[in-house]
Amino acid sequence: MSRWTFYSAPGTCALATHIALHEAGAEFDLVKLDMGAAQQQSPEYLRVNPKGRVPALATEHGVLTETPALLAFVAQSFPAAQLAPLDDPFAFARVQELASYLASTAHVAHAHKRRGARWADDPAAHAAMQAKVPQSMTACAAYLESQIVGPWAAGERYSVADGYLYTIGSWLEGDGVDMTQFPKLTAYLARVGARPAVQRAVAEAKA
Ligand SMILES: N[C@@H](CCC(=O)N[C@@H](CS)C(=O)NCC(=O)O)C(=O)O
């Protein structure tokens, strides 16, 4: 395995993959993009990821993007780290189910706060999308609260889904969610946040 390069930016969903890489014990070079300076749209970065988004992981096989794919790839590349139930199709699908929900529902709802220009040009539409975020993210938090049955998202074993739920979960308060309504989720986020790999990734991901 050649050394990987991981492309990230502070305050983004790339933290989920960053956490997984450290949980796995992977060796990688970290490249942090400055989104304030629109580096994700620079010609150099568009050659890495033509979508102009983070995360991206340059591997010996090519560049991979999309958080659920990256998390499964990291878990499968480091089986000894036991970051997913790789030998149990149903349990693995449960991990994927949560990762897909976070990517396609929770993350997209969150993006309506600052990225309304993806979906509409009218400033009034942007304001309407922004106004909806506390409600849509509270609905996500309520669903996630209902899913926490064990110490970790997939039950008894920590998995790559935990670093992802931690990443999106840490956005909830800033999105206007009253976290006192969600004690299980709050305690869970503190539990994940106490892991050394998570603290290392959080520290490295800072601006
Ligand atoms: N579906 C992608 C979403 C990636 C994404 O939207 N990343 C955001 C940061 S959280 C980004 O790079 N935004 C830059 C932009 O919109 O210009 C995933 O789950 O990895």
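Quick caveat: nothing in here was measured; it's all calculated off a predicted structure.

### Topic: the overall build of the protein chain
Item 1. Counting secondary structure elements, the protein chain contains 8 helices and 4 strands.
Item 2. The order of helices and strands in the protein chain, counted from the N terminus, is β-α-β-α-β-β-α-α-α-α-α-α.
Item 3. In summary, the protein chain has a C-alpha radius of gyration of 17 Å against a globular reference of 17 Å for 207 residues, a match within 12%.
Item 4. Expressed along its principal axes, the backbone C-alpha trace of the protein chain runs to roughly 50 × 45 × 30 Å.
Item 5. Taken across its 207 residues, the protein chain has 48% of its residues classed as buried.
Item 6. In the protein chain, the share of contacts with a sequence separation of at least 24, taken over all contacts with a separation of at least 6, comes to 66%.
Item 7. On the protein chain, roughly 10200 Å² of surface is accessible, and the fraction owed to carbon and sulfur atoms is 55%.

### Re the pairing of strand β2 (residues 28–32)
Item 1. In terms of strand pairing, strand β1 (residues 4–8) meets β2 through 5 bridges, oriented parallel. Residue pairing for β2: S8 is matched across the bridge by K32.
Item 2. Chirality of the crossover, the property in question, places the unit of β1, helix α1 (residues 14–24) and β2 among those that are right-handed.

### Notes on a positive patch on the surface
Item 1. There is a patch of like positive charges on the surface, built from R53, R114, R115 and R118.
Item 2. Inspection of the secondary structure assignment puts R53 in the loop between α2 (43–48) and β3 (56–59).

### Some points on the packing of aromatic side chains
Item 1. Enumeration according to the criterion identifies 6 aromatic pairs in this entry.
Item 2. Between Y7 and Y45, the aromatic rings sit 5.5 Å apart at their centres with planes inclined by 55°, giving tilted as the arrangement. A residue pair is termed long-range when its members are at least 10 positions apart, and Y7 in strand β1 and Y45 in helix α2 qualify at 38 residues.
Item 3. Using a relative accessible area of 15% as the deciding quantity, one classes Y7 as buried.
Item 4. Under the relative-accessibility criterion, Y45 is labelled buried at 3%.
Item 5. Among the aromatic residues, ring-to-ring pairing joins W4, F73 and F78 into one connected group.
Item 6. Lying across the ring of Y158, R195 places its NZ or CZ 3.5 Å from the centre.

### Focus: the domain arrangement of the protein chain
Item 1. You can read the domains of the protein chain as domain 1 (4–82 + 202–206) and domain 2 (89–195).
Item 2. Placing a centre on the C-alpha atoms of domain 1 and another on those of domain 2 gives a separation of 19 Å.
Item 3. Of the residues lining the interface, 19 residues belong to domain 1; the matching set on domain 2 comes to 16 residues.
Item 4. Roughly 1400 Å² of surface becomes buried between domain 1 and domain 2 when both sides are summed, with 64% attributable to carbon and sulfur atoms.
Item 5. In this structure, the salt-bridge partner of E23 is R195, at a minimum N-O distance of 2.8 Å.
Item 6. The set of elements that each furnish at least two residues to the side of domain 1 that touches domain 2 consists of α1 and α3 (67–77).
Item 7. Considering each element in turn, the side of domain 1 that touches domain 2 owes the most residues, 6 residues, to α3.
Item 8. Class assignment of the residues belonging to the side of domain 1 that touches domain 2 gives a composition of 11 nonpolar, 6 polar and 2 charged.

Here is what the cut-offs are and how they apply
- Residues numbered from 1 in each chain as written.
- Predicted model: local features only at pLDDT ≥ 70, side-chain atom pairs only at ≥ 80, totals over all residues.
- Heavy atoms only, no water.
- Helix = DSSP H or I, 4+ residues; strand = E, 2+ residues; numbered from the N terminus.
- Rg over C-alpha atoms; globule rule 2.2 N^0.38 Å.
- Buried < 20%, exposed > 50% of the residue type's maximum accessible area, 1.4 Å probe, protein only.
- Contact = heavy atoms within 4.5 Å.
- Areas by Shrake-Rupley, 256 points an atom, 1.4 Å probe, with all protein chains shown as cover.
- Pairing = 2+ DSSP bridges.
- Right-handed = clockwise from strand over helix to strand, strands pointing away.
- Patch = residues over 30% accessible without salt bridge, like charges linked within 9 Å, V, L, I, M, F, W, Y side chains within 5 Å.
- Salt bridge = Lys/Arg side-chain N within 4 Å of Asp/Glu carboxyl O.
- Lys, Arg positive; Asp, Glu negative; His and termini not counted.
- Charge placed at Lys NZ, Arg CZ, Asp CG, Glu CD.
- Phe/Tyr/Trp six-rings, centres within 6.5 Å; stacked < 30°, edge-to-face > 60°.
- Lys NZ or Arg CZ within 6 Å of the ring centre and 35° of its normal.
- Domains from an automatic or database assignment.
- Buried area = accessible area lost by both parts, 1.4 Å probe.
- Nonpolar A, V, L, I, M, F, W, Y, C, P; charged D, E, K, R; others polar.

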